[in-house]
Amino acid sequence: MRDVVSYNAMISGYARNAHGYAALNLFLDMKRICLQPDDFTFTSVLSGLAMLVNDEKHCQQFHCEIVKSGVVSVVSVSNALISVYLKCSSWSFLDPARQLFGEMPEKDELTWTTVITGYVRRGDLNAAKEIFDGMVKKIDVTWNAMISGYVHHGFIMEAFETFKKMFSVGVTLDEFTYTSMISACANAGLLKHGKQLHAFLLRTDPIPEPEWSLPVKNALITLYSKCEKLDAARRVFDEMSIRDLVSWNAILSACISVGHIDDARQLFGRMAERNLLTWAVMISGFAQNGCGEEALKLLNQMNKEGVCPCDYAFAGVFTACASLGALKHGRQLHSQLIRFGYESSLSASNALMTMYARCGNVEDAHCVFLTMPAVDSVSWNAMIAALGQHGYGVQALELFELMLSEGILPDRITFLTVLSACSHAGLVSEGCRYFELMDSLYGIAPGVDHYARLIDLLGRAGKILEAKDVIDKMPYEPDPPIWEALLAGCRIHGNMEMGIFVAERLFELTPQHDGTYVLLSNIYADIGRWNDVARVRQLMKDRGVKKEPGCSWIEVANKVHVFLVDDSVHPEVQYVYKFLEMLGVKMKKMGYVPDIKYALHDVESEQKEYSLSTHSEKLAVAFGLLKLPMGATIRVLKNLRICGDCHTAVMFMSKAVGREIVVRDGKRFHHFRDGECSCGNYW
DNA sequence: ATAGGGTTAG
């Protein structure tokens with residue numbers, strides 16, 4: 001015969017196995033045959049319902065039933081009811097839970113802890129804390145729940161305070177406590193504290209190290225990884241006797257974050273099991289480390305293996321397309337993104353914006369920005385940066401002001417992009433003003449990287465002495481980017497004396513960096529001191545410094561064509577040379593004079609002109625003119641900064657052929673149209 | 001009732 005006891009057994013069996021509705025049906029069944037449910041029945045059905053998401057209707061129904069049945073004073077029943085209330089996503093369900101909690105004549109640890117974790121999960125740490133403080137007999141789970149709540153919501157100080165208190169009142173720390181605290185240290189980059197926890201765990205924990213739970217060790221991998229201690233992370237990983245997917249993903253992202261892409265590739269290959277996270281990490285890892293093609297291939301492989309890419313994977317491939325300048329490919333992926341239904345994904349859209357911008361297409365970037373259903377500070381920063389890189393300094397600042405007026409607080413990245421935007425557009429006084437405001441109004445202390453932008457801004461504008469003055473007074477030791485910015489200013493404005501001084505500093509700091517030699521020799525070349533040019537070149541040779549070869553590329557018919565200086569590899573390069581020769585005649589008639597001083601070599605003038613005319617950017621532009629359909633914008637990408645002569649030449653080309661030409665160099669974008677460049681010769 | 005792995009902006 002079916003009696004209450006047998007129903008209860010079945011219901012609790014269903015509930016334990018997450019069959020909430022099956023449990024519910026049995027309960028209704030009981031009522032149909034007029035069996036009176038008891039407190040155990042209610043507890044079981046409710047715990048089944050708690051496993052379902054967001055069943056608000058049954059929640060309220062049960063509340064009434066329970067009150068009618070008179071079992072509301074049974075602690076386990078009320079506990080279960082509270083827990084179901086707290087699983088509902090709507091805020092209006094907090095109040096009945098809270099009220100029930102207040103009305104309970106008797107509460108146990110579970111009651112308190114359930115309510116606390118309910119609030120923690122909603123991110124209301126203050127409410128959680130209030131209840132926590134009112135709890136007299138706190139158990140370890142309660143402490144751990146509070147700590148993990150603080151950690152998850154970024155309240156590191158509070159997590160530490162709670163941890164200290166827990167320790168001082170003599171509650172035994174368990175692996176939950178350690179895991180949360182170690183991950184707190186990882187998030188905040190607190191290596192010292194993290195290491196102390198690790199050591200403390202080794203010294204005092206009764207559980208021997210090999211038997212520590214996986215989460216503790218996984219958290220340790222992340223701790224060392226986030227603190228840039230790859231060796232330590234690797235050691236933890238290698239010494240684990242059992243590893244799960246989380247361990248593998250953790251060590252994988254550890255390798256990627258320090259740029260060890262070969263190790264990452266190898267680990268990825270060795271993984272017996274992968275999930276969406278694995279793929280996404282690997283794809284963006286490739287993208288960030290200059291392996292764009294591999295990132296794209298991996299997305300294909302993912303599809304082939306029947307794994308549906310998540311939005312993070314898309315963010316990764318957009319980053320890849322951005323660095324490759326693969327606009328067509330990026331567009332195709334954009335439509336795939338929409339087909340997969342991720343168009344409102346924040347991270348994918350942010351990456352998408354940058355993809356369009358870095359492929360030379362600010363308009364589409366702006367379009368993405370405007371149509372995003374929700375934006376965050378990353379989106380604002382990306383759009384401001386896009387405008388700045390393309391030389392639209394005024395628009396960048398307007399957007400920045402709009403951001404402020406919408407109440408979005410700028411962060412340190414925002415100011416980096418704002419300062420660059422000013423620098424590219426020659427907005428000196430504006431840049432200086434924002435630099436001041438950064439600290440005084442927004443409380444962001446400028447970092448050495450902000451100073452480098454300021455130096456760049458002043459240096460480009462010819463305010464070399466002011467820039468030097470800033471360096472002398474700033475609260476940092478000048479690092480190479482600071483000196484490089486100043487040297488570039490000296491180069492533009494022909495300040496030889498300061499240039500030599502700065503070059504000396506750089507020779508001390510980074511003797512292997514080719515840029516210093518190139519800039520210094522250009523300074524000498526500007527004023528015709530060919531002996532010094534030769535001396536610098538010799539110095540380079542003696543020290544074994546190789547100049548990074550210039551290379552440019554262009555996408556034609558979904559294929560990327562790469563050109564090197566004096567290219568002889570590209571199958572159609574001979575046509576390109578011929579075309580350039582013809583075009584050169586027309587350009588010279590229009591007034592183009594090759595600027596020979598940009599050649600590094602001190603050779604005969606005629607040869608100089610020849611060697612200049614074969615810079616990779618000219619080849620790529622010419623190839624685009626030959627191959628792309630009439631009227632299409634030519635988009636060329638270059639690894640180094642565009643040379644002065646090429647810049648002039650492309651201006652003339654744009655006029656001679658009546659085409660728009662966009663060149664992305666190592667620093668920024670140049671939009672050539674009708675003989676002019678968007679940078680206003682200011683780059 | 002409590003724990004571990006990710007993304008996008010420079």
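Residues numbered from 1 in each chain as written. Chains lettered and ligands numbered in written order. Predicted model: local features only at pLDDT ≥ 70, side-chain atom pairs only at ≥ 80, totals over all residues. Heavy atoms only, no water.

Chemist: I'd like a description of the overall build of chain A, backed by residues and values.
Modeler: Within chain A, the secondary structure is distributed over 36 helices and 6 strands. Once the C-alpha set of chain A is aligned to its principal axes, its extents read approximately 105 × 55 × 50 Å. Going through the 683 residues of chain A one by one, you find that 50% of them count as buried. When contacts within chain A are restricted to residue pairs at least 6 apart in sequence, those whose partners lie at least 24 apart make up 62%. Approximately 32400 Å² of chain A is accessible, and the part contributed by carbon and sulfur atoms is 55%. Within chain A, one finds 68 positive and 78 negative side-chain charges whose respective centroids are separated by 4 Å. (Helix = DSSP H or I, 4+ residues; strand = E, 2+ residues; numbered from the N terminus. Buried < 20%, exposed > 50% of the residue type's maximum accessible area, 1.4 Å probe, protein only. Contact = heavy atoms within 4.5 Å. Areas by Shrake-Rupley, 256 points an atom, 1.4 Å probe, with all protein chains shown as cover. Lys, Arg positive; Asp, Glu negative; His and termini not counted. Charge placed at Lys NZ, Arg CZ, Asp CG, Glu CD.)

Chemist: Talk me through the nonpolar core; I want residue IDs and the actual numbers.
Modeler: F62, I182, L252 and L486 are the most contacted members of the largest nonpolar core, which totals 176 residues. Ranked by residue count, the leading element in this core is helix 19 (residues 311-324), at 9 residues. Among all residues touching L486, those that are not within four sequence positions of it are I455, I464, A467, K468, I471, M498 and V502. One finds V556, F563, V573 and V663 within the second-largest nonpolar core, a separate group that totals 34 residues. (Core = buried A, V, L, I, M, F, W, Y, C linked by side-chain atoms within 4.5 Å.)

Chemist: Tell me about the UniProt feature "repeat: PPR" (unreviewed entry) in chain A, residues and numbers included.
Modeler: The positions that UniProt labels "repeat: PPR" (unreviewed entry) are, in the present scheme, residues 3-37, 108-138, 139-173, 174-208, 244-274, 275-309 and 376-410. With 74% helix and 0% strand, the stretch residues 139-173 has end C-alpha atoms that lie 11 Å from each other. As annotated, residues 174-208 comprises 80% helix and 0% strand, and the C-alpha atoms at either end are separated by 13 Å. (UniProt positions renumbered as here; feature names shortened; annotations may be inferred.)

Chemist: Before we move on, could you go through the packing of aromatic side chains and cite the residues and values that matter?
Modeler: This model, assessed by the stated rule, comprises 23 aromatic pairs. Ring plane angle 80° and centroid distance 6.1 Å describe the contact between W483 and F501, whose orientation is recorded as edge-to-face. With W483 in helix 29 (residues 480-493) and F501 in helix 30 (residues 496-509), this pair connects stretches of sequence that are 18 residues apart. Residue classification places F501 among the partly exposed residues on the basis of a relative accessible area of 33%. (Phe/Tyr/Trp six-rings, centres within 6.5 Å; stacked < 30°, edge-to-face > 60°.)

Chemist: Can you break down the pattern of salt bridges residue by residue, with the values?
Modeler: Counted under the stated rule, the structure contains 24 salt bridges. Note that D472 is salt-bridged to K468, the shortest N-O span being 3.0 Å. Separated by 4 residues within a single helix, D472 and K468 lie in helix 28 (residues 464-473), roughly one turn from each other. With a relative accessible area of 16%, K468 lands in the buried category. In this structure, K638 and E617 form a salt bridge, with 2.9 Å as the shortest nitrogen-oxygen distance. Here K638 is found in strand 3 (residues 634-638), whereas its partner E617 is found in helix 35 (residues 616-627), with 21 residues between them in sequence. The exposure class assigned to E617 is buried, which follows from its relative accessible area of 0%. (Salt bridge = Lys/Arg side-chain N within 4 Å of Asp/Glu carboxyl O.)

Chemist: Quick one: what's the story with the packing of helix 1 (residues 4-16) against helix 3 (residues 39-50), residue by residue and with numbers?
Modeler: Two packed helices can be described by the angle between their axes and the distance between those axes. In contact at an axis separation of 8 Å, helix 1 and helix 3 are set at 20° when each is read in the N-to-C sense. Considered as vectors, helix 1 and helix 3 are oriented roughly parallel to each other. Both helix 1 and helix 3 take part in a crossing whose hand is left-handed. Of helix 3, the residues touching helix 1 (which contributes V4, N8, I11, S12 and A15) are F40, T41, S44, V45, S47 and G48. (Axes fitted to C-alpha atoms, helices over the stretch in contact; angles between N-to-C directions. Parallel < 35°, antiparallel > 145°, perpendicular 65-115°, else oblique. Left-handed = near helix turned anticlockwise from the far one by under 90°.)

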